[in-house]
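# Structural description and commentary
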Amino acid sequence: MKRHCYYLLLPLLSLLMSGCRHKDLWFGDTAASSVDVVFDWTKAQDANPESMSLYLFDTEKASHPLHYVFSGRDGGSAEIPFGTYAGLGLNADNTSWAVITGGDDSESFELSTLDAPTLRAYNLSPMSVPRSEASSGERVAATPQMAWSGRTDNIYLPADTGRHTITVYPEEIVCHYTVDVLDVANIGGLSGASVDAVISGMAEAYHCGHQQPSGNTVTHPFVLAADKARGSLHSEFLTFGEHPEKKVSHILTIYLYLTDGAKWSYDFDVTDQIRNASDPHHVHIVVRGLTLPDPQEGQGGGFIPTVDDWNYEHIDLDM
């Protein structure tokens, strides 16, 4: 229980005669404010999370953050202890992919992803396939899923009986990447309807406290769907985007199995397409010039070769 002291102003004469007097106002066992938590979607009007979290970090004393979850995207009511806070909003649905680090401090709260154990189309280990020189030292990390976050500071909940409002303005914190490989020659020689690919040099994490991509750079794996009738490969996936400080190359590597068992990897430098994208949150990568070997001339002889039997080619793009 807390006592809250309010000073009462007395007439000047009385003040001079008797000095300062005060009276205690007592609120019983009340130790929290009634708060309306509002998630304002002005910055992401099409967002559709099924639930939202609010993390409150006490700025006056060290403690674990308070955590509130609200059904739907709009927020709700909560009883929150008196105090001064920094607040972070984050969607609470579809977050099993997310790894939270620095979760006890609004200045270090980050989201990242786990290691990618396999490449999905061929079920290969990322350690067993050729890697470009640019990506050879990077962690192979799973791509993130949809996420929205926002930060609000200087939240003051006084020791009174009034009703208060906390407003958070979430925005989309992931970037949409689309990859199209067009005019693929001899695409009929592919074994299967999808192939593996990776892209290097992407931001490892999103720093919710600073509201920007962060961490090291990582390589993300993804799957390209093959359209043999159109001679093309296509994929759409999410990233945290480019790192704001670490300007590294972005190499798109495509791994292909042919019907005769031969294995090929192809590198494309797509740095310029990513760096010069008109909208960094919606990046469209287009490559051409991929000519697959005639499977009848492949080196596999109808069986799957060993890991060391990868054939490698670097393809320069005409911009």
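Preceding block: the structure.
The text that follows walks through the structure, step by step, so that each part is easy to find. (Residues numbered from 1 in each chain as written. Predicted model: local features only at pLDDT ≥ 70, side-chain atom pairs only at ≥ 80, totals over all residues. Heavy atoms only, no water.)

An order of β5-β4-β7-β11-β13 is seen for the five strands of this open sheet, with the pairing classed as antiparallel. On the outer flanks of this sheet lie β5 (66-71) and β13 (171-172), each paired with one strand and no other. Of the strand pairs in this sheet, strand β4 (residues 51-58) and strand β7 (residues 83-91) are connected by seven bridges, and their pairing is antiparallel. Considered in β7, the bridge of D58 is made with Y85. (Pairing = 2+ DSSP bridges. Helix = DSSP H or I, 4+ residues; strand = E, 2+ residues; numbered from the N terminus.)

Our next topic: the pattern of salt bridges. Two side chains carrying opposite charge are able to pair once their charged atoms lie near each other. Evaluation of the coordinates by the stated rule reveals 12 salt bridges. A salt bridge links E242 to R275; its shortest N-O distance comes to 3.2 Å. In this pair, E242 is assigned in the loop between β17 (232-239) and β18 (251-257) and R275 in helix α2 (residues 271-275), connecting sequence segments 33 residues apart. E242 sits in the buried class, given a relative accessible area of 18%. Through salt bridges with shared partners, a single network forms among E107, R151 and D153. (Salt bridge = Lys/Arg side-chain N within 4 Å of Asp/Glu carboxyl O. Buried < 20%, exposed > 50% of the residue type's maximum accessible area, 1.4 Å probe, protein only.)

Moving on to the side chain of S149. Its location among the elements puts S149 in strand β11 (residues 148-157). Of note is the side chain of S149, whose polar atom sits 2.8 Å from the backbone oxygen of G89. Discounting residues that sit within four places of it in the chain, S149 has contacts with G89, L90, Y169, P170, E171, I173 and C208. (Polar contact = N/O pair within 3.5 Å; in protein donor to acceptor, adjacent residues only side chain to side chain. Contact = heavy atoms within 4.5 Å.)

Turning to the pairing of β17, a few remarks are in order. The buried fraction of β17 is high, at six of eight residues. Here strand β14 (residues 175-181) runs beside β17; their pairing, made up of seven bridges, is antiparallel. Counted as the bridge partner of D180 is H234 from β17. Direction of pairing for strand β16 (residues 212-227) relative to β17: antiparallel, over a ladder of three bridges.

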